[in-house]
Amino acid sequence: MDGSVPAPNDLGAYWMPFTANRQFKAAPRLLVSADGMYYRSHDGRQVLDGTAGLWCVNAGHNRAPVVEAIRRAAGELDFAPSFQMGHPGAFRAASALAALAPVGLDHVFFTGSGSESVDTALKIALAYHRVRGEGQRTRLIGRERGYHGVGFGGISVGGIATNRRTFGPLLAGVDHLPHTYDRTRQGFSRGQPEWGADLADALERIVALHDPSTIAAVIVEPMAGSTGVLVPPRGYLERLRATCDRHGILLIFDEVITGFGRLGAPFAADRFGVVPDLMTVAKGLTNGAVPMGAVLVSGAVHDAFMQGPPGQIELFHGYTYSAHPLACAAAEATLALYREEGLFQRAADLEPVLEEAVHALRGRRHVIDVRNLGLVAGIELEPRPNAPGARAYEAFVRCYEAGVLIRVTGDIIALSPPLIVSEAEIGRIVDTLRDVLELVT
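Residues numbered from 1 in each chain as written. Predicted model: local features only at pLDDT ≥ 70, side-chain atom pairs only at ≥ 80, totals over all residues. Heavy atoms only, no water.

Engineer: When you look at the state of the cysteines in this model, what are you seeing that I'm missing?
Structural biologist: Disulfides are covalent bonds that connect the sulfur atoms of two cysteines. Within this structure, the stated rule accounts for zero disulfides. Free of any disulfide, Cys-399 has its nearest cysteine sulfur in Cys-56, 19 Å distant. (Disulfide = S-S within 2.5 Å.)

Shown next, in the form of structure tokens:
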């Protein structure tokens, strides 16, 4: 791979996502290779990956079994149509994923990304009620500060204002639960906060407002990641599940971030003991090596569609790249790698190490809260007056220059290293952040 820095005139064509393009292109940060826990930058420096790429490289970078599986697949079957045709890898990958899923989520609909998975899950929920004769159930309930990708369905049920405000009225018939974070009651919690379960009771108020017979589904991230690591209070998810059950509402978990060991269990549903009706996944499904997503669907939801003449299409939905051969190969190899190396248990074992390290930042300059769960931590900084996000962005740049990659959202720093991280590397990530915070203005 060519590691040279493009000339200024060569940077203009690429409109970068979720990026201050002009700021970046004035001082580009380019990653040219990766291996294990480390990236290599265009100027030849090793950069310790404290974010698993973008919450996705859970098994570490450039893992030989995944690379070889992709290479073999590319040489055997570059593409297979996904409508009215199949290929063996799709069925193997689906079976492997269903075997890992919580009991009851035994059917898999493949997509190309987390955003596609969310829109697919919402469409399945709406269609499910219609095929059962309850087509009036069209309302969708999301949550404030929720992130569900960037499709129109995802940003409609999502609750991050900056992601919504530019794009008009979005989908009709959407309401939102309140978010689950209150720093005055939950600040510096270790694991699940003790306060906040009753925030789930807002769903009953929404149900009463709209009439339960109009509501199709509730979608939440079990732990909100992209909005700044909001850990669910104890008992909160259980209350949501119970309310949905009382009113015949489908519960969707968006596990694009929390799936595949991030919380020390295969899925957040396993960690919290709450099983949804549908679950969206992506990112860690292929270790980030090939874009892929999926919706895990309960037998009850799936079987509701399997009625009528066997020759009819049950769901008029899908993607050209559903179950792409290279993605399926990457998924099979990745799921096997997680199992063979015991990486989910490794994440559970390292949780207290990360917890102790990040909570040692309490009292440090600019730090107003620290929260953690599994191999995820959020460090919230006091915003710079009249410049929200600027302080955390400065910390991000300084950490990168010091050889550590972190992620920021607003003034919250998120850490989510690959599950292969060592205790020493956790120490280096947090030590670097501590030193940087002393320099940040």
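So, next bit.
Engineer: Even after reading the chapter, I still don't get the environment of Gly-235, so can you show me in this structure?
Structural biologist: Locating Gly-235 in the fold gives a position in the loop between strand 7 (215-220) and helix 10 (236-247). Along the backbone, Gly-235 and Ala-125 are 110 residues apart, and their C-alpha atoms lie at a distance of 25 Å. (Helix = DSSP H or I, 4+ residues; strand = E, 2+ residues; numbered from the N terminus.)

Engineer: Would you mind showing me how to read the packing of aromatic side chains here?
Structural biologist: In the structure shown here, the tally under the stated rule is five aromatic pairs. For the pair Phe-260 and Phe-267, a centre-to-centre distance of 5.2 Å together with 65 degrees between the ring planes defines the contact as edge-to-face. The pair Phe-260 / Phe-267 is uniform in exposure class, with both members buried. Relative to Tyr-338, the ring of Phe-260 lies with its centre 6.2 Å away and its plane at 25 degrees, an arrangement referred to as stacked. Of this pair, Phe-260 sits in the loop between strand 8 (250-254) and helix 11 (268-272) while Tyr-338 sits in helix 13 (residues 325-341), placing them 78 residues apart in sequence. Residue Tyr-338 is classed as buried on the basis of its relative accessible area of 2%. In textbook terms, an aromatic cluster arises when at least three aromatic residues are bridged by ring pairs, as seen for Phe-260, Phe-267, Tyr-338 and Phe-344. Sitting above the plane of the Tyr-400 ring, Arg-45 keeps its charged end 4.9 Å from the centroid. (Phe/Tyr/Trp six-rings, centres within 6.5 Å; stacked < 30°, edge-to-face > 60°. Buried < 20%, exposed > 50% of the residue type's maximum accessible area, 1.4 Å probe, protein only. Lys NZ or Arg CZ within 6 Å of the ring centre and 35° of its normal.)

Engineer: Would you mind showing me how to read helix 9 (residues 202-210) here?
Structural biologist: Looking only at helix 9, the buried set comprises Ala-202, Leu-203, Ile-206, Val-207 and His-210. Considered in projection along helix 9, the buried side chains sweep an arc of 145 degrees and stay on one side of the axis. Turned more than 90 degrees away from the buried face of helix 9, the exposed residues are Arg-205 and Ala-208. Where helix 9 is buried, its residues contact strand 5 (139-143), strand 6 (174-177), strand 7 and helix 10. Asp-211, located one to two residues past helix 9, shows a positive phi value of around 85 degrees. (Arc of directions from axis to C-beta. Contact = heavy atoms within 4.5 Å.)

Engineer: Would you explain the sheet that holds strand 12 (residues 376-381) in this entry?
Structural biologist: The strands that make up a sheet are held in pairs by hydrogen bonds between backbone atoms, and each pair lies either parallel or antiparallel. Strand order in this open sheet of four strands is 11-12-15-14, and the pairing throughout is antiparallel. The open sheet is flanked by strand 11 (367-373) and strand 14 (407-409), the only strands paired with a single partner. Going from strand to strand, the sheet's axes swing by 20 degrees on average, the running direction of each strand aside. Here three bridges tie strand 14 to strand 15 (residues 412-415), and the two strands are oriented antiparallel to one another. Within strand 15, the position partnered with Val-408 by the bridge is Ile-413. Strands in contact with helix 15 (residues 390-401) are strand 12, strand 14 and strand 15; relative to strand 14, the strand with the most contacts, it is inclined by about 170 degrees. Sheet strands in contact with helix 16 (residues 423-439) are strand 11, strand 12 and strand 15, and its direction is about 165 degrees off that of strand 15. (Pairing = 2+ DSSP bridges. Axes fitted to C-alpha atoms, helices over the stretch in contact; angles between N-to-C directions.)

Engineer: Would you explain the sheet that holds strand 4 (residues 105-111) in this entry?
Structural biologist: Taken in spatial order, the seven strands of this open sheet run 4-10-9-8-7-5-6, and their pairing is mixed. In this open sheet, the two edge strands, each paired with only one partner strand, are strand 4 and strand 6. Adjacent strand axes in the sheet meet at a mean angle of 20 degrees when their direction is disregarded. Relative to strand 9 (residues 278-281), strand 8 is paired through three bridges, and the arrangement is parallel. Paired with Ile-252 across the bridge in strand 9 is Leu-278. Here helix 4 (residues 88-100) sits on the sheet in contact with strand 4, strand 9 and strand 10 (293-298), set at roughly 135 degrees to strand 4. Along the sheet, helix 9 contacts strand 5, strand 6 and strand 7; its crossing angle with strand 6, the most-contacted strand, is approximately 155 degrees.

Engineer: I'm lost on the pairing of strand 7 in this one. Help?
Structural biologist: Strand residues, when the strand is regular, have side chains that alternate between the two faces of the sheet. Counting buried positions along strand 7 gives six out of six residues, so the element sits mostly inside the fold. Summarising the sheet, strand 5 and strand 7 pair through three bridges and their orientation is parallel. Pairing of Arg-139 across the sheet is with Ile-215, part of strand 7. Relative to strand 8, strand 7 runs parallel, the two being bridged by four bridges. Its bridge partner lying in strand 8, Val-220 is registered against Phe-253. A crossover links strand 7 with its parallel partner strand 8, the connecting element being helix 10, and its sense is right-handed. (Right-handed = clockwise from strand over helix to strand, strands pointing away.)

Engineer: Quick question: what am I supposed to make of unusual backbone geometry here?
Structural biologist: With the exception of glycine, most residues fall at negative phi, and the peptide bonds are largely trans. You will see that Phe-260, though not glycine, has its phi angle at about 65 degrees, which is positive. In this model, His-366 sits at a positive phi of 75 degrees, which is unusual for a non-glycine residue. Structurally, His-366 can be placed in the loop between helix 14 (343-359) and strand 11.

Engineer: Sorry if this is basic, but what is going on with the side chain of Glu-221 here?
Structural biologist: If you trace the backbone, Glu-221 turns up in the loop between strand 7 and helix 10. Here Glu-221 sits buried without a salt bridge, and the closest side chain of opposite charge, Arg-143, lies 5.1 Å off (N-O distance). Polar contacts involving the side chain of Glu-221 include one to the main-chain amide nitrogen of Tyr-147, which spans 3.0 Å. For Glu-221, the residues in contact, after removing those within four places along its chain, are Arg-143, Arg-145, Gly-146, Tyr-147, His-148, Ser-226 and Asp-254. (Lys, Arg positive; Asp, Glu negative; His and termini not counted. Salt bridge = Lys/Arg side-chain N within 4 Å of Asp/Glu carboxyl O. Polar contact = N/O pair within 3.5 Å; in protein donor to acceptor, adjacent residues only side chain to side chain.)

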